[in-house]
Amino acid sequence: MTIKPSSRHKRFYSSLLISSLLLACSDGVNDNGNNQITEKDMEARGETEAVNSIEQQKTQASVLLSPLTGYEELSKPGILNQFDFEHSRGEIKKIDGKEQLVVHLDSKQHHSASFSVKPDKSFNWQSNEPIGFAVSLANPKSTSVFIHVKVKDSAGLSHNRNIVLPAKSQDNYFMALSGKDLSIETGIRSNPNPWLTDYTPIIWRYGVKNIDLKNVAEIEFSVHGVPEDKQILLSNLQLIKATKLNDQYLENLVDEFGQSTKIDFINKVKSTDELIAISAKEQASLRKTVPEGRSTFNGWKAGPKLDATGYFRVEKYQGKWSLVDPEGYLFFSNGIANIRMANTSTITGYDFNTTHITPRAEGDFTPEDSIGLNRAPESAWDTRYVSSELRAKMFSWMPKYGEPLSEHFGYRREVHTGAVEKGETFSFYQANLARKYQSNDADVFMPKWRDTTVDRMLSWGFTSFGNWVDPSFYQLNRIPYFANGWIIGDFKTVSSGNDYWSPLPDPFDPEFVKRAHFTAKQIAAEVQNNPWCVGIFIDNEKSWGQMGSIESQYGLVINTLGIDASDSPTKAEFVKVLKTKYTDIGELNRQWGTNFATWKRVETGIEIADFKDEVVTDLSLLLEHYTSEYFAVVSDAVAQYLPNHLYLGARFASWGMTPEVRSAAAKHVDVMSYNYYKESVNDSFWSFLEGIDMPSIIGEFHNGSMDSGLLNPGLIHASSQADRGAKYQEYVNSVLDNPYLVGSHWFQYIDSPLTGRAYDGENYNVGFVSVTDIPYQPLVDAAKAVNQQIYTRRFGDVHVK
């Protein structure tokens with residue numbers, strides 16, 4: 001079997017000058033002097049190309065290599081015992097004259113499949129120089145493989161990255177594990193690669209960047225949520241060291257259109273005239289009406305006519321849950337989320353004297369990332385100064401205040417994460433809209449943008465928008481949409497121990513009830529009882545609890561029990577529930593194995609150390625009680641102010657929900673909602689849907705690739721724009737085939753800014769359109785194909801009345 005290497009990586013070893021040799025062993029990383037690899041050495045290790053001169057080697061060299069101790073020769077007896085396999089199996093095969101570990105991942109039948117390098121004694125990779133782990137990986141199959149790579153230290157801290165292996169490919173990959181870059185907060189989720197190397201970098205994802213390299217305990221390779229079995233060929237496990245770094249890797253990244261200055265790609269715009277010409281050609285191809293066979297609201301006009309209420313509703317029809325449109329037609333919501341300017345801006349590295357910045361008005365609790373550009377007032381311009389030289393140097397161009405394009409500056413009074421805590425922003429996307437529509441007046445270019453956006457949705461066959469659509473779309477009455485809001489205010493909070501986005505609200509605090517009603521009333525004022533509104537999402541991806549351990553699943557309850565009831569309405573409620581269940585404190589002690597003297601002792605704060613079955617039962621009871629109150633409060637508010645619209649919950653993150661939380665929500669929402677970033681939904685993870693038996697919707701999914709000029713593909717990595725389309729179809733078709741799922745919403749419409757969105761640095765190629773508002777045609781074509789048969793695939797076996 002022959003696997004074709006990537007053209008950029010045909011020379012794996014041939015261009016390397018060895019000035020020192022790193023030994024990845026339990027005794028440490030050793031410098032063995034300046035030794036040039038000989039031709040004989042190259043042949044012995046499979047290196048096939050000669051190098052013409054030492055100077056040429058110096059020019060091309062970027063890393064120094066040594067095999068991982070214990071894994072130098074995959075042909076040695078017992079080598080498979082040094083790997084752990086979970087829902088996978090491995091075998092050593094000689095392929096094209098080289099011993100390789102062939103791993104068969106049983107990912108079709110299992111939500112996760114993995115294999116790990118687990119040395120008997122931890123590796124010691126401590127070094128004063130930038131080092132990383134490298135490996136040769138091949139994919140012999142005709143579909144790409146998206147792999148998570150985790151390096152863990154002996155304390156359990158993990159450094160997590162991922163990469164995609166294109167179909168029928170072989171390449172050499174590396175992940176940097178030390179160096180200055182890992183200690184710099186740039187405001188970008190995944191930085192440019194500072195290593196001057198032909199190796200393909202594995203993309204940073206999450207975890208701890210600087211783990212204990214003296215005690216590296218495990219290297220894990222895994223796939224998750226994959227609808228088919230995968231196969232990986234592995235060889236050349238190496239420790240590598242950078243010999244050259246690009247000191248200016250964070251400078252001059254962005255051109256005047258917000259594109260990469262470093263990379264060429266399809267539809268990279270060179271001039272405003274080109275941008276206008278591309279737009280004119282597209283405009284001529286767009287439609288303005290729903291596709292044939294659709295109802296007014298994009299429902300299945302060829303299907304059965306059910307009861308029409310004038311608003312969207314849900315019904316289980318012939319064994320499949322479905323939305324029903326206002327005219328009574330079956331409706332599947334396939335759309336795109338986050339269509340707004342709020343997330344198109346990036347931090348520039350400049351700030352102003354804060355006395356000139358308008359503070360929040362009293363009672364204004366709109367999240368910063370849901371506000372528009374929020375431009376700094378003219379009185380502040382003369383006080384502008386560099387607040388982050390690192391950020392300011394990323395841009396090759398910025399307009400000056402007073403120039404027409406300076407209308408697209410904004411300001412953030414706070415961020416979630418980044419290089420600065422606040423500061424000036426700029427929206428290259430909005431500036432490009434002004435360029436293409438030849439006006440910097442928002443009253444001119446924004447209506448044109450809205451009309452084009454809806455025309456695209458209809459031309460591409462989508463049936464609705466997703467979440468987070470600018471309210472200016474709400475009254476266009478051209479395509480169904482979902483309204484949204486956040487409950488933010490001065491109410492008390494509780495902690496699950498994760499709190500990624502924020503702590504959880506205390507739903508037993510009267511202030512939370514007040515703010516929930518304020519939010520619902522505000523949404524109602526925007527929606528205006530419009531039948532084009534399918535329903536309402538409120539809040540998003542809260543950290544209710546994480547499966548994996550008792551502490552993570554019930555962290556909210558455990559942490560709340562540890563505080564004083566006088567400071568926490570939820571804690572007071574928990575004590576009340578326990579008092580109702582147990583006749584006296586003695587009964588609680590007998591069941592829990594504790595010795596609390598009085599209920600007052602429980603009220604002041606307790607620490608639970610023994611998680612016996614009776615304790616876990618009560619932790620579960622309290623978690624469901626808490627969550628039920630949250631959803632009851634919000635549901636009541638929505639019912640009061642938006643009685644004709646569906647309540648779709650808070651869009652659970654797959655990493656932040658538990659059975660108790662789902663059970664509680666199901667009592668109060670009309671449609672369950674989940675954000676699920678995997679490659680499909682047809683696996684064991686979703687077995688809980690049958691037990692809940694409610695209409696459910698996917699609120700977010702996406703994928704991206706590195707051929708867009710951006711630095712990060714997104715949470716799911718595709719190998720190309722064409723592969724993005726293939727993965728899109730695979731995901732949506734899996735949703736269509738699930739009888740409980742009534743929709744799928746792609747996140748998001750527009751690529752993230754190259755240098756990261758202002759709120760938290762997301763810099764993903766996950767848009768249907770680029771920063772220049774040019775569609776990614778392979779992805780669009782894939783969506784068109786799915787949407788053309790969306791109803792026949794979903795309801796093809798439904799009996800039409």
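Look up: the structure comes first, before these words.
In this numbering scheme, every chain counts its residues from 1 along its sequence in written order. Confidence filtering applies because this is a predicted model: local features only for residues at pLDDT of at least 70, side-chain atom pairs given and counted only at 80 or more, and all residues used for totals across whole chains, interfaces and linings. In computing side-chain properties, one takes all heavy atoms of the structure into account and sets aside hydrogens as well as water.

Q: With reference to specific residues and values, describe the overall build of the protein chain.
A: Numbered from the N terminus, helices here are DSSP runs of H or I no shorter than four residues, and strands are runs of E no shorter than two. Scanning the protein chain from N- to C-terminus turns up 18 helices and 33 strands. The quantity called the radius of gyration is restricted to C-alpha atoms. Its globule counterpart is 2.2 Å times the number of residues to the power 0.38. Computed over its C-alpha atoms, the radius of gyration of the protein chain comes to 28 Å, within 12% of the 28 Å expected for a compact globule of 801 residues. For the C-alpha atoms alone, the extent of the protein chain along its principal axes is close to 80 × 75 × 65 Å. By residue count, 57% of the 801 residues in the protein chain fall in the buried class. Summarising the internal contacts of the protein chain: among those between residues at least 6 apart in sequence, 73% fall at separations of at least 24. His residues and chain termini do not enter the charge count, which takes Lys and Arg as positive and Asp and Glu as negative. For charged residues, the charge sits on one atom: NZ in Lys, CZ in Arg, CG in Asp, CD in Glu. Taken as two groups, the 80 positive and 99 negative side-chain charges of the protein chain have centres that lie 3 Å from each other. For each residue, the accessible area found with a 1.4 Å probe, counting protein chains only, is set against the maximum for its type, and the residue is called buried under 20%, exposed over 50%, and partly exposed in between. Residues count as neighbours in contact if any of their non-hydrogen atoms are within 4.5 Å of one another.

Q: Before we move on, can you summarise the packing of helix H7 (residues 510–527) against helix H13 (residues 613–641) with the specific residues and values?
A: Interhelical geometry of H7 versus H13 gives an angle of 35° and a closest axis separation of 9 Å. Read as a crossing pair, H7 and H13 show a hand that is right-handed. Note on element contacts: H13 touches H7 through Tyr630, Val633, Val634, Ala637, Val638, Gln640 and Tyr641, opposite Phe512, Val513, Ala516, His517, Ala520, Lys521 and Ala524. Where helices are involved, their axes are fitted lines through C-alpha atoms of the stretch in contact, as for all axes, and angles between N-to-C directions lie from 0 to 180°. Two helices that cross are described as forming a left-handed crossing if the nearer one is turned anticlockwise from the farther one by less than a right angle, and a right-handed crossing if clockwise.

Q: Which residues make up the sheet that holds strand E15 (residues 313–317), and what are the values?
A: Here, any two strands with at least 2 DSSP bridges between them count as paired. Here we have three strands laid out as an open sheet, ordered E15-E16-E17, and antiparallel in their pairing. Among the strands making up the open sheet, the edge pair consists of E15 and strand E17 (330–331).

Q: A description of helix H11 (residues 585–592) should follow, citing residues and the corresponding values.
A: Three or more residues of H11 are buried, namely Ile585, Leu588, Asn589 and Trp592. Buried positions in H11, seen along its axis, are confined to an arc of 100° and lie on one side of it. Structurally, H11 contributes buried residues whose contacts are with helix H9 (555–561), helix H10 (569–581), helix H12 (599–604) and H13. By construction, the arc corresponds to the directions joining the helix axis to the C-beta atoms.

Q: Which residues make up the pairing of strand E32 (residues 696–700), and what values go with them?
A: Taken across its five residues, E32 has five buried, putting it largely inside the fold. In this sheet, E32 lies alongside strand E31 (residues 672–675) in parallel orientation, the contact comprising four bridges. In the sheet register, Met672 faces E32, and the bridge partner there is Ser696. Examined bridge by bridge, E32 and strand E33 (residues 741–747) share two bridges and lie parallel to one another. Pairing of Ser696 across the sheet is with Leu741, part of E33. Throughout, right-handed denotes a crossover for which the path from the first strand over the helix to the second runs clockwise when the strands point away from the viewer. The β-α-β motif built from E32, the intervening helix H16 (residues 721–736) and the parallel element E33 has right-handed crossover chirality.

Q: Account for the pattern of salt bridges, naming residues and giving values.
A: Where side chains of opposite charge bring their charged atoms close, a pairing between them can arise. For salt bridges, the criterion is a side-chain nitrogen of Lys or Arg within 4 Å of an Asp or Glu carboxyl oxygen. Counting across every chain of the model gives 35 salt bridges. Between Asp773 and Arg456 there is a salt bridge, with the nearest N and O atoms lying 2.9 Å from each other. Residue Asp773 is found in the loop between E33 and helix H17 (777–788), and its partner Arg456 is found in helix H6 (residues 442–459); the two are separated by 317 residues along the sequence. Judged by its relative accessible area of 1%, Asp773 is buried. Ionic contacts of the salt-bridge type, sharing partners, join the residues Arg189, Arg757, Asp760 and Glu762 into one network.

Q: Break down the packing of aromatic side chains for me, citing the residues and quoting the values.
A: Stacked, tilted and edge-to-face are the three classes assigned to paired rings of Phe, Tyr and Trp, where Trp is represented by its six-membered ring and a pair needs centres within 6.5 Å; plane angles under 30 degrees give stacked, over 60 edge-to-face, the rest tilted. Going through the model one piece at a time under the given rule, you end up with 57 aromatic pairs. For the pair Phe631 and Phe652, a centre-to-centre distance of 5.9 Å together with 70° between the ring planes defines the contact as edge-to-face. Here Phe631 is found in helix H13, whereas its partner Phe652 is found in strand E30 (residues 652–653), with 21 residues between them in sequence. On the basis of relative accessibility, which here comes to 3%, the residue Phe652 falls in the buried class. Ring geometry for Tyr674 and Trp686: centres 5.3 Å apart, planes at 90°, overall edge-to-face.

Q: Residue-level account of unusual backbone geometry, with values.
A: Note that the residue after Phe747, namely Gln748, is joined by a cis bond; omega there is 25°. Examined against the element boundaries, Gln748 turns out to sit in the loop between E33 and H17. Even without being glycine, Asn529 reaches a positive phi, approximately 60°. What makes Asn529 partly exposed here is its relative accessible area of 37%.

Q: Can you explain the environment of Ala665? Please cite residues and give values.
A: Note that Ala665 resides in helix H14 (residues 659–666). With a relative accessible area of 1%, Ala665 lands in the buried category. Filtering out sequence-adjacent residues up to four positions away, Ala665 remains in contact with Phe631, Phe652 and Met672.

Q: Describe in detail the pairing of strand E9 (residues 158–165), supporting the description with residues and values.
A: Extensive coverage of E9 is indicated by the burial of eight of its eight residues. Because side chains alternate across E9, one face comprises the buried residues Ser158, Asn160, Asn162 and Val164, and the other comprises His159, Arg161, Ile163 and Leu165, equally buried. Pairing of strand E8 (residues 145–153) with E9, which is carried by eight bridges, proceeds in the antiparallel orientation. Pairing of Lys152 across the sheet is with Ser158, part of E9.

Q: Any chance you could break down the nonpolar core for me, citing the residues and the numbers?
A: What we call a nonpolar core is a set of buried Ala, Val, Leu, Ile, Met, Phe, Trp, Tyr and Cys residues that are connected through their side-chain atoms within 4.5 Å. One finds Trp449, Trp592, Tyr728, Tyr749 and Phe768 to be the most contacted residues of the largest nonpolar core, which totals 148 residues. The element that contributes the greatest number of residues to this core is H13, accounting for 12 residues. Within the second largest apolar cluster, 38 residues are counted, among which are Phe133, Leu177, Ile211 and Leu213.

Q: If you had to explain the side chain of Thr519 to someone new, which residues and values would you point to?
A: Note that Thr519 resides in helix H7. Residue class for Thr519 comes out buried when judged on its relative accessible area of 3%. Residue contacts for Thr519: discarding those within four places in its chain leaves Gly485, Trp486 and Ile487.

Q: Now, about the sheet that holds strand E19 (residues 346–347): what can you tell me, with residues and values included?
A: With antiparallel pairing, three strands are arranged side by side in an open sheet as E19-E23-E22. The open sheet has two edge strands with one neighbour each: E19 and strand E22 (409–412).

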